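Residues per chain, in single letters:
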2 protein chains.
Amino acid sequence: MPTTPLFRRIDVAPAYQKVADAIEREIINGRIKPGEPIGTEQQLVAQFGVNRSTVREGIRVLEEGGLIRRDSSRRLQACLPRYNKLATRLSRALILHEVTFRELFETSMTLEVASVEGAVERATEENIAELAGNLERSAAVVGNPAALAELDAEFHVLMAKASQNRVLQLAREPAAQLFFPTTEMIVGGVPEGGTRLVEAHHHLLDAIKRRDKEAGVLWTRRHLQDWRRGFEKIASLDRSVEHTYMEHAYAARQ
Amino acid sequence: MPTTPLFRRIDVAPAYQKVADAIEREIINGRIKPGEPIGTEQQLVAQFGVNRSTVREGIRVLEEGGLIRRDSSRRLQACLPRYNKLATRLSRALILHEVTFRELFETSMTLEVASVEGAVERATEENIAELAGNLERSAAVVGNPAALAELDAEFHVLMAKASQNRVLQLAREPAAQLFFPTTEMIVGGVPEGGTRLVEAHHHLLDAIKRRDKEAGVLWTRRHLQDWRRGFEKIASLDRSVEHTYMEHAYAARQ
DNA sequence: CTTATCAATTTGTCCGACAAAGCTAGATTT
DNA sequence: AAATCTAGCTTTGTCGGACAAATTGATAAG
């Protein structure tokens, strides 16, 4: 053993990480509130006493984590991490783990049912109005698979919102991002698919209005089973969510 | 309008972002597989024709996103984004959105029930052995709230794993990360809490072994209701998951 | 009071440099 | 000859300085 090295090895993390952690702490514990400015790179350089390159690496970390962003004029400010940005990364992870549509379907079934149950219990007038607006627009584009698929995804987002449960909203998002893009393929490939979809949404909204949980759950099940039958006509549930398919869900990120 | 600027404004994204996107694409579409090396910073500098600082900023973005990491000797390599790293980001988001324990409880109830249903249907012998091992260790530390709480969290992770549904595993993680740390407080604060917890786990494992879905769901509900009653003795369900509390879930990240 | 102009900031990028840690391969020891 | 040691080469993390483009703010002009 060489000369006993008294007191070493305390400072483990690299500087850029410490910069990121320091800023993160201020945001998490509320000393910097969402929307408030973080300061310029120069100021951070001065405060932390490190080089600008180092500060910038730390900033990238936080930016990617969704904790800070640059406003219209590129000034740094704290922000609330947006669900769907984070969800995009989760979706990416799911793809890389090569999950199957069966797993996606099963989980979505669970989450959408929970979502509608919450909506039936707690939807506000505003929630219902939003859903009604979506339904109206959907009915108008029933023959256009792309537009209808997009509105379908929105409908389910609105329903999760109506549940007033933000944890649920977040939990369903990653699966939904991978699940719903297939709607277009299905509606386009199955005659009457569009009509059935709008009809299901109609019943769902109706159930929410009447606070009829049983009907809500029933129609959610039917709606998803419909999706499943449609999907099985064009692909296998046990195939993984492929890289090629991914480009749909992915391009949407931008 | 000044001199008509023929052909401009194509190159929107900053260079570091393009570097990150380029590497990300290679990983997502499978040309670089998890575990494979990305190359040294110098090589990336040469390939992309940008400065090393720029490359490094791009690397930070991917690193934070969990798509690449540095191995033991700090060389860059692609990797599979780990669920719990991503889940930590989500938990952080939930905290910042100031979700309540009620939302957390409701969603966890849904997800844990789905989890046990899957486990009852599809648990392998290995899954069951892991659960049994956990149960045995739990029984041995029934008087130690901290150790028991940790094993409780692990039990539920193992159950999700036993469901063979990776989407579900991922979906439950963020809520679980915030939900389970309270177990320690509850078990420590309620007499017989530890015993009841181990008993519930025992019944759950038993239900899985007997492939008895009804019993599995029943005991999951009881188990969580127990948590809820315990929680309400020490705090309100409608209080937000506070910043102070967060330090638990948070320190665990490290 | 609005508009045009101009200087000061700020960001994104580049260049070059250096210490510390890791790796490689030749030199040394057994 | 096998194991070990050592010295040199790489690579990463960090630093300092520099500059063009975009943005801001303030000042001057109408």
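Please read these numbers as outputs of a predicted model, since none were measured by experiment. (Residues numbered from 1 in each chain as written. Chains lettered and ligands numbered in written order. Predicted model: local features only at pLDDT ≥ 70, side-chain atom pairs only at ≥ 80, totals over all residues. Heavy atoms only, no water.)

**Quick word on the overall build of chain A**
Helix and strand counts for chain A come out as twelve helices and two strands. Along the chain direction, N to C, the helices and strands of chain A fall in the order α-α-α-β-β-α-α-α-α-α-α-α-α-α. Computed over the C-alpha atoms, the radius of gyration of chain A is 23 Å, more than 25% above the 18 Å expected from 2.2 N^0.38 for a compact globule of 254 residues. Seen through its C-alpha atoms, chain A measures out along the principal axes to roughly 75 × 45 × 35 Å. The buried share of chain A, taken over its 254 residues, is 52%. For chain A, the share of sequence-separated contacts (at least 6 apart) that also reach a separation of at least 24 residues comes to 73%. Accessible surface, chain A: about 12400 Å² in total, of which carbon and sulfur atoms supply 52%. Taking the average place of the 35 positive charges on the side chains of chain A and the average place of its 35 negative ones, the gap between the two points comes to 6 Å. (Helix = DSSP H or I, 4+ residues; strand = E, 2+ residues; numbered from the N terminus. Rg over C-alpha atoms; globule rule 2.2 N^0.38 Å. Buried < 20%, exposed > 50% of the residue type's maximum accessible area, 1.4 Å probe, protein only. Contact = heavy atoms within 4.5 Å. Areas by Shrake-Rupley, 256 points an atom, 1.4 Å probe, with all protein chains shown as cover. Lys, Arg positive; Asp, Glu negative; His and termini not counted. Charge placed at Lys NZ, Arg CZ, Asp CG, Glu CD.)

**A closer look at the environment of Asn127 of chain B**
With respect to the helices, strands and loops of the structure, Asn127 of chain B is situated in helix H6 (residues 125-140). In this structure, the C-alpha to C-alpha distance between Asn127 of chain B and Ala162 of chain B, residues 35 residues apart in sequence, is 5.5 Å.

**Focus: the environment of Lys233 of chain A**
Tracing the backbone shows Lys233 of chain A in helix H11 (residues 213-234). Each C-alpha atom of the pair Lys233 of chain A and Ala20 of chain A lies 49 Å from the other, and the pair is 213 residues apart in sequence.

**Overview of the protein's contact with DNA strand D**
Around DNA strand D sit 15 residues, and of these Ala15, Asn51 and Thr54 of chain A together with Arg52 and Arg56 of chain B come closest. If you look at DNA strand D and keep only atoms within 4 Å of the protein, 64% of those are sugar or phosphate atoms. Within the backbone of Ala15 of chain A, one N or O atom sits 2.2 Å away from a phosphate oxygen of DNA strand D. Thr54 of chain A has a polar side-chain atom sitting 2.8 Å from a phosphate oxygen of DNA strand D. Looking at the surface near DNA strand D, the elements with two or more residues in it are helix H1 (15-28) and helix H3 (52-65) of chain A together with helix H3 (52-65) of chain B. Top contributing element to the surface near DNA strand D by residue count: H3 of chain B, with three residues. Residue composition of the surface near DNA strand D, grouped by class: four nonpolar, four polar and seven charged. (Near = heavy atom within 4 Å. Polar contact = N/O pair within 3.5 Å; in protein donor to acceptor, adjacent residues only side chain to side chain. Nonpolar A, V, L, I, M, F, W, Y, C, P; charged D, E, K, R; others polar.)

**Structural notes on the relation of the copies chain A and chain B**
Each of the two copies of the chain can be brought onto the other by a rotation about an axis and a shift along it. Expressed as a screw operation, the relation of chain A to chain B combines 0.0 Å of axial shift with a rotation of 180°, fitting to an RMSD of 0.1 Å. A rotation of that kind, with that shift, is consistent with a two-fold axis. Of the residues that chain A buries at the interface, 100% are likewise interface residues in chain B, meaning the two copies contact each other through the same surface. (Least-squares fit on C-alpha atoms with pLDDT ≥ 70 in both.)

**Structural notes on unusual backbone geometry**
Residues and elements named next belong to chain A. Here the phi dihedral of Gln164 falls at roughly 60°; this positive angle occurs in a residue that is not glycine. With respect to the helices and strands, Gln164 occurs in the loop between helix H7 (145-162) and helix H8 (166-179). Gln164 sits in the partly exposed class, given a relative accessible area of 34%.

**Description of the protein's contact with DNA strand C**
Taken together, 17 residues are adjacent to DNA strand C, and Arg52 of chain A together with Ala15, Asn51, Thr54 and Ser73 of chain B come closest. The contact in question runs from a base nitrogen of DNA strand C to an N or O atom on the side chain of Arg52 of chain B, over 3.4 Å. One of the side-chain N or O atoms of Ser73 of chain B is found 3.4 Å from a phosphate oxygen in DNA strand C. When residues of the surface near DNA strand C are traced back to their parent elements, those giving at least two are H3 of chain A together with helix H1 (15-28) and H3 of chain B. Along the lines of polarity and charge, the residues of the surface near DNA strand C split into four nonpolar, five polar and eight charged.

**Here's the deal with the domain arrangement of chain A**
Domain annotation of chain A identifies domain 1 (15-78) and domain 2 (84-251). On a C-alpha basis, the centroid separation for the pair domain 1 of chain A and domain 2 of chain A is 36 Å. (Domains from an automatic or database assignment.)

**Some words on the nonpolar core**
By size, the foremost hydrophobic cluster in this structure holds 96 residues, and its most contacted members are Leu104, Ile208 and Trp227 of chain A together with Leu104, Ile208 and Trp227 of chain B. Each residue touching Leu104 of chain A, except ones within four places of it in the same chain, is listed here: Ala175, Leu178, Phe179 and Val241 of chain A together with Val167 of chain B. (Core = buried A, V, L, I, M, F, W, Y, C linked by side-chain atoms within 4.5 Å.)

**Some details on the interface of chain A and chain B**
Across the contact, 50 residues belong to chain A and 50 residues belong to chain B. Counting across the interface, chain A meets chain B through ten salt bridges. Ionic pairing is found between Glu57 of chain B and Arg56 of chain A, a salt bridge with its closest N-O pair at 2.7 Å. On inspection of chain A and its partner chain B, the count reaches 28 residue pairs in polar contact (both at pLDDT 80 or more). Elements with a minimum of two residues in the side of chain A that touches chain B: H1, H3, helix H4 (83-96), helix H5 (101-122), H8 and helix H12 (243-251) of chain A. Of the residues belonging to the side of chain A that touches chain B, the class tally is 25 nonpolar, nine polar and 16 charged. (Salt bridge = Lys/Arg side-chain N within 4 Å of Asp/Glu carboxyl O.)

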